[in-house]
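Each chain, letter by letter, is given below.
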Amino acid sequence: MYTRSGDCPTRDICIQNGKGLVHIKDLTDKEGLYGHGRMFAHVTIQPGCSIGDHPHVHETEFYYILQGEGVFNDNGTEVPVHAGDICATGFGEVHGMENRSGAPLELIALIVLE
């Protein structure tokens, strides 16, 4: 399978009652994950915006930080994250991500099913 970057759907949405809008570029859809996941996306969080805290049950979400800095909520513990860091949440755990810096935060989000 091959997809041109320009053919990937994009949207700007508020995620889990977070602050502001988050830009999402879907890199594939559920069918493209062959039943093993439900999201694979390039996410951009502008300064002052966030992905609100939310749980993952019967699935795990991974964030791979591409660029910028953020604050990852890992079950109520704030963890500063930077380019190259990996965050994972599953089995009913709660997470969120906030950009408190002055530059965009870019990450890859992947949700895999149990």
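Everything below is about the structure shown above.
Residues numbered from 1 in each chain as written. Predicted model: local features only at pLDDT ≥ 70, side-chain atom pairs only at ≥ 80, totals over all residues. Heavy atoms only, no water.

Visitor: With reference to specific residues and values, describe the overall build of the chain.
Guide: Looking only at helices and strands, the chain has zero helices and 10 strands in total. Scaling as 2.2 N^0.38, a compact globule of 114 residues should have a C-alpha radius of gyration of about 13 Å, and the chain matches this with 14 Å. In terms of principal-axis extent, the alpha carbons of the chain reach across some 35 × 30 × 25 Å. Every one of the 114 residues in the chain was classed for burial, and the buried ones make up 40%. In the structure as shown, the chain presents an accessible area of about 6400 Å², 54% of it carried by carbon and sulfur atoms. Each charge class in the chain can be summarised by its mean position, and for the 7 positive and 16 negative side chains these summaries are 6 Å apart. (Helix = DSSP H or I, 4+ residues; strand = E, 2+ residues; numbered from the N terminus. Rg over C-alpha atoms; globule rule 2.2 N^0.38 Å. Buried < 20%, exposed > 50% of the residue type's maximum accessible area, 1.4 Å probe, protein only. Areas by Shrake-Rupley, 256 points an atom, 1.4 Å probe, with all protein chains shown as cover. Lys, Arg positive; Asp, Glu negative; His and termini not counted. Charge placed at Lys NZ, Arg CZ, Asp CG, Glu CD.)

Visitor: I'd like to hear about the packing of aromatic side chains, residue by residue, with values.
Guide: Going through the model one piece at a time under the given rule, you end up with one aromatic pair. Pairing Y63 with F72 gives two aromatic rings, centres 6.2 Å apart and planes at 80 degrees, and the pair type is edge-to-face. (Phe/Tyr/Trp six-rings, centres within 6.5 Å; stacked < 30°, edge-to-face > 60°.)

Visitor: Go over the sheet that holds strand β10 (residues 105–113), please, and point to the residues and values.
Guide: Taken together, six strands build an open sheet; the order of strands is β1-β2-β3-β10-β5-β8 and the sheet is antiparallel. Two strands close off the open sheet at either side, each with one partner strand: β1 (10–13) and β8 (86–90). The mean angle between the axes of side-by-side strands here comes to 25 degrees, regardless of whether they run parallel or antiparallel. Pairing of β1 with strand β2 (residues 22–28), which is carried by four bridges, proceeds in the antiparallel orientation. By the bridge assignment for β2, R11 is matched with I24. (Pairing = 2+ DSSP bridges. Axes fitted to C-alpha atoms, helices over the stretch in contact; angles between N-to-C directions.)

Visitor: Just give me the short version of the nonpolar core, but keep the residues and values in it.
Guide: Judged by nonpolar contacts, the single largest core of 19 residues is most densely connected at V43, I45, I51, Y63, M97 and L107. Those elements that provide at least two residues to this core are β2, β3 (37–45), β5 (59–67) and β10. If near-sequence neighbours (up to four positions away) are discounted, V43 is found in contact with V22, H23, I24, I51, L105, E106, L107 and A109. (Core = buried A, V, L, I, M, F, W, Y, C linked by side-chain atoms within 4.5 Å. Contact = heavy atoms within 4.5 Å.)

Visitor: Any details on the side chain of N73? Residues and values, ideally.
Guide: Structurally, the position occupied by N73 is in strand β6 (residues 69–74). Judged by its relative accessible area of 12%, N73 falls in the buried class. Among the polar contacts made by the side chain of N73, one reaches the main-chain amide nitrogen of G76 at a distance of 2.6 Å. (Polar contact = N/O pair within 3.5 Å; in protein donor to acceptor, adjacent residues only side chain to side chain.)

Visitor: Help me get a handle on a nonpolar patch on the surface, residues and values and all.
Guide: Judged by side-chain polarity, F62, Y64, L66 and I86 come together as a nonpolar surface patch covering roughly 370 Å² of accessible area. Top contributing element to the nonpolar patch by residue count: β5, with three residues. Here Y64 shows up in strand β5. (Patch = residues over 30% accessible without salt bridge, like charges linked within 9 Å, V, L, I, M, F, W, Y side chains within 5 Å. Salt bridge = Lys/Arg side-chain N within 4 Å of Asp/Glu carboxyl O.)

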